[in-house]
Amino acid sequence: MITIIFAPPRTGKTCFLTYIARERAFDRERNKCMPRKILHKRVNGFTELTTIPLYAVSANYDMALQKYGYNKRYNKVINPYRLGFDNEFVQTHFNLPFEIICITEAQKYLNSRMSMYFPAWQSRWYEQHGHNNLDIFLDIQRSMLIEINIRELASFIEIVNI
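We now turn to the structure provided with this report.

Time to look at the pairing of strand β6 (residues 100-104). The buried fraction of β6 is high, at five of five residues. Here β6 shows no split at all, with I100, C102 and T104 on one side and I101 and I103 on the other all buried. Relative to β6, strand β2 (residues 57-59) runs parallel, the two being bridged by three bridges. Across the sheet, residue A59 finds its bridge partner in β6, namely C102. As paired elements, β6 and strand β7 (residues 135-140) share five bridges and run parallel to each other. Paired with I103 across the bridge in β7 is L138. The β-α-β motif built from β6, the intervening helix α3 (residues 120-127) and the parallel element β7 has right-handed crossover chirality.

So this is what it looks like as C-alpha cells:
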C-alpha cells in the first residue's frame, strides 16, 4: 500500500507519519509475519540476511518509537533516492518483507516535474511493492507534486489542520 499524506506546511504531516510508523512498529501480527517470510525465503536459497530483525521501520529521518510495556525502537535511516530494484547505476537499499517505509517531503525525491528522468528501475519497484508487503507512506504539501505513476497507485490522506 502506498499512502500519500498531504497538507500545507506546519500542519502536522510528519507528526502523523511518525504516529503511523509507531503503530506499525508495534503491530504484533505484522511483526510475526516478517520472520516467517524471511525463513521461507531462506529455505528457498535466500542468503541476504544473517539475522532476522524484530520489526522493520525505515524512514528518511530519525525516529524513536515508544509504547508502554515495550523497549524503545528505532528506525533504519534510508535515502529515498536508493529505493528500487537492483541495477547497474545505484546501490539500492535492501528491503525486508512487511517493512514500513516513511518518506517526509517526498516531492523532493518523487518530483512530478521531473517525470521524464524518473528511472524505470525505481518506478517498477513502487509498482511492485506489494509483492513484499511493503507499506509506503509519503508526506507532501500538495498531492500533484508526486510522480504520476506513484500517485495513481496511492491512496490519500489530507490533513486539514493540526
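Attention now goes to the nonpolar core. One finds I101, I103, L110, Y126, L138, I146 and I150 to be the most contacted residues of the largest nonpolar core, which totals 20 residues. Residues contacting I150, with those up to four places away along its chain left out, are I2, L110, F118, Y126 and L138. With 16 residues, the next largest nonpolar core counts A7, L17, F26 and Y61 among its residues.

Now for the pairing of β7. Most of β7 is tucked away: six of the six residues are buried. What you see with β7 is no split at all: D135, F137 and D139 on one side and I136, L138 and I140 on the other are buried throughout. As defined by bridge partners, strand β1 (residues 2-6) adjoins β7 across five bridges and the pair is classed as parallel. Bridge assignment links I5 to a residue of β7, and that residue is D139.

Attention now goes to the pattern of salt bridges. Under the counting rule described, the total for this entry stands at five salt bridges. One salt-bridge network, held together by shared partners, links R24, R30 and D135.

Looking now at α3. Among the residues of α3, those classed as buried are W121, Q122, S123, W125 and Y126. Along its buried surface, α3 packs onto β1, β6, β7 and α4 (148-153).

Of note in this structure, R10 is not a glycine but carries a positive phi near 65°. Within the fold, R10 resides in the loop between β1 and α1 (13-25). One non-glycine residue with positive phi stands out, namely F98, at about 65°. On the secondary structure map, F98 appears in the loop between β5 (76-77) and β6.

Okay, α1 next. Between its terminal C-alpha atoms α1 stretches 18 Å, which fits the 18 Å expected from 13 residues at 1.5 Å a residue. The set of residues buried in α1 consists of K13, L17, I20, A21 and A25. Burial along α1 is one-sided: seen end-on, the buried residues are contained in an arc of 130°.

Thresholds applied
- Residues numbered from 1 in each chain as written.
- Predicted model: local features only at pLDDT ≥ 70, side-chain atom pairs only at ≥ 80, totals over all residues.
- Heavy atoms only, no water.
- Buried < 20%, exposed > 50% of the residue type's maximum accessible area, 1.4 Å probe, protein only.
- Helix = DSSP H or I, 4+ residues; strand = E, 2+ residues; numbered from the N terminus.
- Pairing = 2+ DSSP bridges.
- Right-handed = clockwise from strand over helix to strand, strands pointing away.
- Core = buried A, V, L, I, M, F, W, Y, C linked by side-chain atoms within 4.5 Å.
- Contact = heavy atoms within 4.5 Å.
- Salt bridge = Lys/Arg side-chain N within 4 Å of Asp/Glu carboxyl O.
- Expected span 1.5 Å × (residues − 1).
- Arc of directions from axis to C-beta.

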